[in-house]
Amino acid sequence: MNLFVDAIDWILDPANWTGLNAIPLRLGQHLVFTLITLVIASAIAIPLGYLIGHTGRGRGLAVTTSGGLRAIPTLGLLTLVALWVGIGVVAPYVALTVLAIPPILAGAYTGFEAIDRRTVDAARAVGMSELQIVRKVEVPLGLPLLIGGLRSATLQVIATATLAAYVADIGLGRYLFAGLKNRDYAEMLGGSILVIMLALVLEGIFALIQRFVVPRGVSGRLRTGRPGSTTATTSTSTLRTDRRTALR
């Protein structure tokens, strides 16, 4: 209990809010590092996941590859890349991008797979091209699961980005390594609390985003698993209403 109080005192100490090692600076570095990592991972995983989800090809390979990437120890990969490219931010970016790709990839292709195939068939029936089906049907309906994948990846990167301080002087992880080196356990716990608080804030933000990106009636256009569903009728009516726009 005393250690926890000491950690809170460390966080609230004005001396830790100014200078080159200030909490706002480290917090900003942590956020920017996480954002860049997620952008890189998304640029790789989302197009690939959409391709797999739309065509239905390569899913087995994607699952196997994702499982293999998840099994790689992040610290071990970070150390290996750092020995190869040297000390700096490149190694953490590589290691954490590898960590972020599997949940984003899974969210992208499962979002497409969760869509009732009758909805896609209805889109083809009104004359949509494959690209229009992806843009106007599959992407919007698959967005909630993609946001879920991004949410999972964000939390993993936020927590694991503390390891970036192992080879680069950035982020909240610096407090953990400095505290361990100096046996300042209040600083270590304080840094951990900051990471936890940041993760909880981002978790709440993504939960709200995931809630609001679900269009009204989207549940009716996802697979219900019940025979006799009115999905096809609802989908066809919706698509016919927008037919002129879709075919432009």
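Residues numbered from 1 in each chain as written. Predicted model: local features only at pLDDT ≥ 70, side-chain atom pairs only at ≥ 80, totals over all residues. Heavy atoms only, no water.

### Notes on the UniProt feature "transmembrane region" (unreviewed entry) in the chain
- Within the UniProt annotation, "transmembrane region" (unreviewed entry) is assigned to residues 31-53, 74-95, 153-177 and 189-209.
- Secondary structure over residues 153-177 splits into 52% helix and 0% strand, and the C-alpha atoms at its two ends are 24 Å apart.
- Helix and strand shares over residues 189-209 are 100% and 0% respectively, and the end C-alpha atoms of the span are 30 Å apart. (UniProt positions renumbered as here; feature names shortened; annotations may be inferred. Helix = DSSP H or I, 4+ residues; strand = E, 2+ residues; numbered from the N terminus.)

### As for the nonpolar core
- Residues Phe33, Ile104 and Leu146 are the most contacted members of the largest nonpolar core, which totals 29 residues.
- For this core, the secondary structure elements donating two or more residues are α2 (23-55), α5 (90-113) and α7 (130-160).
- Here this core takes 10 residues from α5, the largest share from any one element. (Core = buried A, V, L, I, M, F, W, Y, C linked by side-chain atoms within 4.5 Å. Buried < 20%, exposed > 50% of the residue type's maximum accessible area, 1.4 Å probe, protein only.)

### Let's talk about the confidence of the model for the chain
- For the chain, the average pLDDT comes to 83, and 85% of its residues sit at 70 or higher.
- With pLDDT under 50 throughout, residues 219-248 is counted as low confidence; its partners more than four residues away or in other chains account for 48 contacts. (pLDDT = per-residue confidence, 0-100. Contact = heavy atoms within 4.5 Å.)

### Some thoughts on the packing of aromatic side chains
- Summed over the entire model, instances satisfying the criterion amount to four aromatic pairs.
- Between the aromatic rings of tyrosine 166 and phenylalanine 177, the centroid separation amounts to 5.9 Å while the plane-to-plane angle is 35°, which identifies the pairing as tilted. Linking tyrosine 166 in the loop between α7 and α8 (173-182) with phenylalanine 177 in helix α8, this pair joins segments that are 11 residues apart in sequence.
- Taking relative accessible area as the criterion, phenylalanine 177 reaches 29% and is therefore assigned partly exposed. (Phe/Tyr/Trp six-rings, centres within 6.5 Å; stacked < 30°, edge-to-face > 60°.)

### Thoughts on the pattern of salt bridges
- Under the criterion given, the structure shown has eight salt bridges.
- The residue arginine 26 makes a salt bridge to aspartate 169 at a minimum N-O spacing of 3.1 Å. Linking arginine 26 in helix α2 with aspartate 169 in the loop between α7 and α8, this pair joins segments that are 143 residues apart in sequence.
- The closest approach of N and O atoms between glutamate 130 and arginine 124, which form a salt bridge, is 2.8 Å.
- Taking the relative accessible area as the measure of exposure, glutamate 130 reaches 36% and is therefore partly exposed.
- Arginine 124 sits in the partly exposed class, given a relative accessible area of 39%. (Salt bridge = Lys/Arg side-chain N within 4 Å of Asp/Glu carboxyl O.)

### Concerning the packing of α8 against helix α9 (residues 185-212)
- α9 packs onto α8 with a crossing angle of 165° between their chain directions and a minimal axis gap of 7 Å. In terms of orientation, α8 lies roughly antiparallel with respect to α9. Regarding α8 and α9, the two cross each other, and that crossing is left-handed. Taken together, the residues of α9 that come into contact with α8 (itself represented by Tyr175, Leu176, Ala178, Gly179 and Leu180) are Glu187, Met188, Gly191, Ser192 and Leu194.
- Each residue belonging to the contact of α8 with α9 can be placed in one class, and the counts come to six nonpolar, three polar and one charged. (Axes fitted to C-alpha atoms, helices over the stretch in contact; angles between N-to-C directions. Parallel < 35°, antiparallel > 145°, perpendicular 65-115°, else oblique. Left-handed = near helix turned anticlockwise from the far one by under 90°. Nonpolar A, V, L, I, M, F, W, Y, C, P; charged D, E, K, R; others polar.)

### Section: the environment of glycine 204
- Among the secondary structure elements, glycine 204 is positioned in helix α9.
- In the structure, glycine 204 is positioned 53 residues away from arginine 151 in sequence and 9.7 Å away in space, judged by C-alpha atoms.

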